[in-house]
Amino acid sequence: MSCLGLAYLIESETINDMDLFDLLVAKISSGYNKVMVTVEDGRNFVADAAIITVPIGVLKANLIEFEPRLPDWKVTAISDLGVGNENKIALRFDKVFWPDVELLGVVAPTSYACGYFLNLHKATGHPVLVYMAAGRFAYDLEKLSDESAANFVMLQLKKMFPDACEPVQYLVSHWGTDPNSLGCYSYDLVGKSMDVYDKLRAPLGNLFFGGEAVSLDNQGSVHGAYSAGVMAAENCQKYLWEQQGNLESFSRVSARHETLGTNFPLQISRI
Ligand SMILES: Cc1cc2nc3c(=O)[nH]c(=O)nc-3n(C[C@H](O)[C@H](O)[C@H](O)COP(=O)(O)OP(=O)(O)OC[C@H]3O[C@@H](n4cnc5c(N)ncnc54)[C@H](O)[C@@H]3O)c2cc1C
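Nothing here was measured: the structure is a model prediction, and the numbers come from that model. (Residues numbered from 1 in each chain as written. Predicted model: local features only at pLDDT ≥ 70, side-chain atom pairs only at ≥ 80, totals over all residues. Heavy atoms only, no water.)

Time to look at the overall build of the chain. On a plain count of helices and strands, the chain comes out with 9 helices and 13 strands. Residues counted as buried form 36% of the 271 residues belonging to the chain. As displayed, the chain has an accessible area near 15900 Å², and 56% of this comes from carbon and sulfur atoms. (Helix = DSSP H or I, 4+ residues; strand = E, 2+ residues; numbered from the N terminus. Buried < 20%, exposed > 50% of the residue type's maximum accessible area, 1.4 Å probe, protein only. Areas by Shrake-Rupley, 256 points an atom, 1.4 Å probe, with all protein chains shown as cover.)

Let us look at the sheet that holds strand β9 (residues 115-119). Strand order in this open sheet of 5 strands is β8-β9-β10-β7-β11, and the pairing throughout is antiparallel. The open sheet has two edge strands with one neighbour each: β8 (103-106) and β11 (169-172). Taking the axes of each pair of neighbouring strands and ignoring which way they run, one obtains an average angle of 20° across the sheet. One ladder, built from 4 bridges, connects β9 with strand β10 (residues 128-134); its direction is antiparallel. Within the sheet, the bridge partner assigned to Leu-118 lies in β10 and is Val-130. (Pairing = 2+ DSSP bridges. Axes fitted to C-alpha atoms, helices over the stretch in contact; angles between N-to-C directions.)

Turning to the packing of aromatic side chains, a few remarks are in order. A full pass over the atoms with the stated rule returns 8 aromatic pairs. Relative to Phe-97, the ring of Phe-93 lies with its centre 5.0 Å away and its plane at 85°, an arrangement referred to as edge-to-face. In this structure Phe-93 comes out as buried when scored by relative accessible area, which is 0%. A ring pair is formed by Phe-97 and Phe-161, whose centres lie 6.0 Å apart and whose planes are at 75°; its orientation type is edge-to-face. In this pair, Phe-97 sits in the loop between β7 (86-92) and β8 while Phe-161 sits in the loop between α6 (146-160) and β11, placing the two residues 64 residues apart along the sequence. A single burial state applies to Phe-97 and to Phe-161, both of which are buried. Three or more aromatic residues link up through ring pairs in this structure, and these residues are Phe-93, Phe-97, Trp-98 and Phe-161. Geometry around Phe-209 places Lys-74 over its ring, the cationic atom sitting 3.9 Å from the centre. (Phe/Tyr/Trp six-rings, centres within 6.5 Å; stacked < 30°, edge-to-face > 60°. Lys NZ or Arg CZ within 6 Å of the ring centre and 35° of its normal.)

Averaged over the chain, the pLDDT score is 86; the fraction of residues at 70 or greater is 83%. The model gives residues 255-271 a pLDDT under 50, and that stretch makes 19 contacts with residues more than four places away or in other chains. (pLDDT = per-residue confidence, 0-100. Contact = heavy atoms within 4.5 Å.)

With that settled, consider the sheet that holds strand β2 (residues 34-39). Read from one edge of the open sheet, 4 strands run β3-β2-β1-β5, paired in mixed fashion. The sheet terminates laterally at β3 (44-47) and β5 (65-67), the two strands that pair on one side only. Recorded for the sheet is a direction-independent mean angle of 15° between the axes of neighbouring strands. Here strand β1 (residues 25-31) runs beside β5; their pairing, made up of 3 bridges, is parallel. What sits directly across from Ser-29, in β5, is Glu-67.

Okay, the pairing of β2 next. Pairing analysis gives 6 bridges linking β1 to β2, with the strands arranged antiparallel. In the strand pairing of β2, Lys-27 is matched with Thr-38. Counting the residues between successive antiparallel strands, the hairpin from β1 to β2 contains 2 residues, one of them, Tyr-32, with a positive phi of roughly 50°. Pairing of β2 with β3, which is carried by 4 bridges, proceeds in the antiparallel orientation. Opposite Thr-38, over in β3, you have Asn-44 as the bridge partner. From the end of β2 to the start of β3, which pair antiparallel, there are 4 residues, and Gly-42 there has a positive phi angle of about 95°.

It is worth spelling out the side chain of Ser-215 at this point. Inspection of the secondary structure assignment puts Ser-215 in the loop between β13 (207-209) and α8 (222-243). At a separation of 3.5 Å, a polar atom in the side chain of Ser-215 contacts the main-chain amide nitrogen of Asp-217. (Polar contact = N/O pair within 3.5 Å; in protein donor to acceptor, adjacent residues only side chain to side chain.)

Along its 15 residues, α6 runs 22 Å from first to last C-alpha, staying within 8% of the 21 Å computed at 1.5 Å per residue. Residues of α6 that are buried make contact with β7, β8, β9, β10, α5 (135-141) and β11. (Expected span 1.5 Å × (residues − 1).)

Structure (structure tokens):
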């Protein structure tokens with residue numbers, strides 16, 4: 001997915017309390033220039049502002065309660081964006097029996113069963129193929145047991161390689177039903193207004209919104225999520241400086257960040 005691996009991005013940032021990553025936010029209360037974030041075990045964290053970067057699927061499913069409720073225009077923006085699904089079924093074999101290519105495609109009579117295998121052997125040296133299933137097909141695969149999903153994918157593979165050996169291990173993602181994601185990519189729904197992204201991105205007082213869905217022009221990508229996060233952080237910082245009457249200092253900090261940003265070796269590509 002990324003030529004450097006996403007851990008690189010995380011390690012490059014200063015994150016001191018990794019335990020916080022294990023906590024799901026249940027409620028966000030804002031008012032009186034403070035935000036209180038309540039996590040699932042009942043603990044509260046109070047801050048001057050918060051940046052919300054949960055996936056659009058989580059916002060759509062109302063898994064986080066907002067107090068006061070989000071305004072109607074924000075709720076409409078959330079519901080007016082689509083969320084698509086894609087799943088990976090990774091198959092590890094004890095030997096390589098396929099050609100040394102990047103992709104192995106399955107052309108089916110219907111678009112439903114079209115799919116492709118990524119050849120991870122080329123990139124990692126390990127005998128691994130990853131089947132990519134998208135859209136309705138990806139949701140339907142999640143209704144199967146992992147074993148049945150792997151068996152289905154093996155049927156696809158055997159259409160190309162009748163003598164394919166059985167995998168020694170498999171791993172199946174469930175991004176459509178995983179409560180941490182509830183889908184994979186935001187997308188434009190036909191007939192919805194053009195300003196849906198602006199509304200989704202717009203801050204609400206001391207609440208700021210990040211994540212791939214609010215990216216200016218790279219939705220559905222790591223670099224889009226990254227730039228949206230940087231933008232939300234800068235807007236949040238500007239808000240806090242304004243609160244403290246220190247906006248002039250903000251401009252100087254911002255300029256320094258731009259200089260640093262040009263040296264940051266972010267290299268992400270979609271294969
Ligand atoms: C199969 C697949 C292949 C892809 N391939 C590529 C590719 O090749 N190149 C590319 O650029 N992009 C690719 N993408 C897209 C890219 O991964 C996403 O756009 C990007 O990771 C989104 O980042 P994000 O920070 O917006 O959301 P996420 O990375 O989903 O982060 C959201 C975080 O919010 C957390 N969260 C959810 N609910 C709560 C809660 N209630 N409380 C607290 N935390 C919560 C989640 O645990 C998660 O850590 C791919 C995506 C998929 C699914």
